[in-house]
There are 2 protein chains.
Amino acid sequence: MGEDENVRQGSNVAEQAPLNRERIVEAALALLDETGLDGLSTRRLAADLGIKSASLYWHFSNKDELLDAMCSALFDECLDIIDTGRQNFNWRKWLAGGTRGIRRTALSRRDGARVMARVRPVGEASARRIEANTAFLQSIGLTYEESTYALLALRRYAVGSALQEQVYAAVGQAATQDESEASFEYGLSLILDGLASRFSPLEFTPPEK
Amino acid sequence: MGEDENVRQGSNVAEQAPLNRERIVEAALALLDETGLDGLSTRRLAADLGIKSASLYWHFSNKDELLDAMCSALFDECLDIIDTGRQNFNWRKWLAGGTRGIRRTALSRRDGARVMARVRPVGEASARRIEANTAFLQSIGLTYEESTYALLALRRYAVGSALQEQVYAAVGQAATQDESEASFEYGLSLILDGLASRFSPLEFTPPEK
DNA sequence: ACCTGAACACCGTTCAAGT
DNA sequence: ACCTGAACACCGTTCAAGT
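None of these values were measured; they are calculated from a predicted model. (Residues numbered from 1 in each chain as written. Chains lettered and ligands numbered in written order. Predicted model: local features only at pLDDT ≥ 70, side-chain atom pairs only at ≥ 80, totals over all residues. Heavy atoms only, no water.)

Enquirer: Explain helix H7 (residues 124-139) of chain A to me, please; I cannot follow it from the model alone.
Expert: An α-helical turn contains 3.6 residues, so a residue and the one three or four places further along point in the same direction. Residue and element names in this part refer to chain A. Over its 16 residues, H7 runs 22 Å from end to end, which matches the ideal 22 Å to within 8%, given 1.5 Å per residue. At its buried positions, H7 is contacted by helix H4 (63-77), helix H5 (91-107) and helix H8 (144-170). Gly141 sits one or two positions beyond H7 and adopts a positive phi of about 115°. (Helix = DSSP H or I, 4+ residues; strand = E, 2+ residues; numbered from the N terminus. Expected span 1.5 Å × (residues − 1). Contact = heavy atoms within 4.5 Å.)

Spelled out as structure tokens, the structure:
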């Protein structure tokens, strides 16, 4: 069975397939954990991929575009499609979970928050998610604008929190784990309380469709 | 009257005094508006100051320290010492004003939010301000932790908002001015409403001291 | 005390050329 | 279609040396 098929392969089987954006982003995120954002260079990334740095420019038109793709990948990790079918759906828990997810994803890798801070609407997936989420908030009594703004506020708060937590961590002044969690949760509950005061039902049973 | 005193001066009178950190930070902030954070190089900054870039390292041990000083300078711009003497002091307006100040300062210069995102407790001035502010919140009924966390949440929200607004602006996808303001104000009011629900008096008259 | 000259070890990016 | 070689125009930082 064709041993010669393997002759051209490098030692690592995964390396044989031609490079694509996805694999580059993956390697870049791995490198990020090692070097931090300031140490993440295209030359080092290329070396990790067994390639010359000029080659990266066939896949991405510049480093910024690569960083945007990394940002998108991180947001995809905490993509949270709404499960509208459940009974006794609790909007508060749902929003809290989504917001925690953004923060946790950011904190899960070195300088993750700085990468996620580049957030911009790339990709259809995130556009669809945002649309579905605002539609849901409207269905429980918020206006279109309120829905948009509420989701925006939660995302801004999550990214802002992770960002500052990582700054303090980088400088060796990290608060205790408990304190970080507590301060984040406090602010989150403030926002959700404010939201709760704008319409009545804390528990919501969706209409059967 | 000593024309010869002027002989050694450059064309710009302000240039004669020896450089100090303050003047360097000032020049750096001016340069930031021209070049953005990514274009802000120590070499270019030195050139603007009429100096060689190596000289900067006598005043700052590295670029990060300079950026921290720039961040502190921006926070000093929106330093808001509490006026505890006024009658009918409205805590809501006071907190809203402080939060808006952080955002406005960040938005007032190119990449201002990215600089302010490095926030860390340098300087006694900001430490005193935070202490005074938490003390005040305690005096109107919050616990020490609630006070700290509430101020932290507002700052995180303000920086997070400005950061994302400037990202969108940089990419030419700026929302209308009205929309930016409206979305920021909406999230701010959510937080303040949540805070209001935690203790009763919306208006507060401080005790005479 | 404050600044320079000169160097070190890097960057991101381009582009003709290879396969 | 995908990658390389080689170059361009930069970086931040160090350090002996100047005044």
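Enquirer: Quick question: what am I supposed to make of the packing of H8 of chain A against helix H9 (residues 177-196) of chain B here?
Expert: Packed helix pairs are characterised by how far apart their axes lie and by the angle those axes make with each other. For the pair H8 of chain A and H9 of chain B, interaxial distance at closest approach is 9 Å and the crossing angle is 70°. Classified by the interaxial angle, the pair formed by H8 of chain A and H9 of chain B is roughly perpendicular. Where H8 of chain A abuts H9 of chain B, its residues Glu146, Tyr149, Ala150, Leu152, Ala153 and Arg156 of chain A lie against Glu179, Ala182, Ser183, Phe184, Tyr186 and Gly187 of chain B. Class assignment for the residues of the contact of H8 of chain A with H9 of chain B results in seven nonpolar, two polar and three charged. (Axes fitted to C-alpha atoms, helices over the stretch in contact; angles between N-to-C directions. Parallel < 35°, antiparallel > 145°, perpendicular 65-115°, else oblique. Nonpolar A, V, L, I, M, F, W, Y, C, P; charged D, E, K, R; others polar.)

Enquirer: Whenever I open this one, the protein's contact with DNA strand C confuses me. Can you help?
Expert: Near DNA strand C there are 17 residues, and of these Thr42, Arg43 and Tyr57 of chain A together with Ser55 and Trp58 of chain B occur at the shortest range. Here the atoms of DNA strand C within 4 Å of the protein split so that 60% fall in sugar or phosphate, with bases taking the remainder. Here a phosphate oxygen of DNA strand C sits 2.8 Å away from a polar atom, N or O, in the main chain of Lys63 of chain A. Within the backbone of Lys52 of chain B, one N or O atom sits 2.7 Å away from a phosphate oxygen of DNA strand C. Secondary-structure elements contributing two or more residues to the surface near DNA strand C are helix H2 (42-48) of chain A together with helix H3 (56-59) of chain B. (Near = heavy atom within 4 Å. Polar contact = N/O pair within 3.5 Å; in protein donor to acceptor, adjacent residues only side chain to side chain.)

Enquirer: Help me out: how do you make sense of the environment of Val119 of chain A in this one?
Expert: Structurally, the position occupied by Val119 of chain A is in the loop between helix H6 (112-116) and H7. With a relative accessible area of 5%, Val119 of chain A lands in the buried category. The contacts of Val119 of chain A, once residues within four sequence positions are left out, are Cys71, Phe75 and Arg155 of chain A together with Gln164, Val167 and Tyr168 of chain B. (Buried < 20%, exposed > 50% of the residue type's maximum accessible area, 1.4 Å probe, protein only.)

Enquirer: Can you walk me through the protein's contact with DNA strand D in this structure?
Expert: If you check the shell around DNA strand D, you find 17 residues, and the closest are Ser55 and Trp58 of chain A together with Thr42, Arg43 and Tyr57 of chain B. In the environment of DNA strand D, a phosphate oxygen lies 2.7 Å from a nitrogen or oxygen atom belonging to the side chain of Thr42 of chain B. At the level of elements, helix H3 (56-59) of chain A together with helix H2 (42-48) of chain B are the ones that each hand at least two residues to the surface near DNA strand D.

Enquirer: Where do I start with the environment of Leu74 of chain B in this structure?
Expert: Residue and element names in this part refer to chain B. Structurally, Leu74 is set in helix H4 (residues 63-77). Since its relative accessible area comes to 0%, Leu74 is described here as buried. Spatially, the C-alpha atom of Leu74 lies 8.7 Å from that of Ile102, the residues being 28 residues apart in sequence. Once residues lying within four places of it in the same chain are set aside, the contact partners of Leu74 are Leu29, Thr105, Arg109, Gly112, Val115 and Met116.

Enquirer: Any chance you could explain the state of the cysteines here in plain terms?
Expert: Every disulfide links exactly two cysteines, by a covalent bond between their sulfur atoms. As enumerated under the stated definition, the model contains zero disulfides over all chains in all. Free cysteine: Cys78 of chain A, not disulfide-bonded; nearest cysteine sulfur from Cys71 of chain A at 9.6 Å. (Disulfide = S-S within 2.5 Å.)

Enquirer: Help me understand the nonpolar core, please; the structure alone is not making it clear to me.
Expert: Taken as a class, soluble globular proteins show a tendency for nonpolar side chains to be buried jointly. Counting 70 residues, the largest nonpolar core has Leu45 and Met70 of chain A together with Leu45 and Met70 of chain B as the members making the most contacts within it. Excluding residues within four positions of it along the chain, Leu45 of chain B makes contact with Ile24, Ala27, Ala28, Leu31, Leu56 and Leu66 of chain B. If you look at the next biggest cluster of nonpolar residues, it comprises 47 residues, including Trp91, Tyr186 and Leu192 of chain A together with Leu192 of chain B. (Core = buried A, V, L, I, M, F, W, Y, C linked by side-chain atoms within 4.5 Å.)

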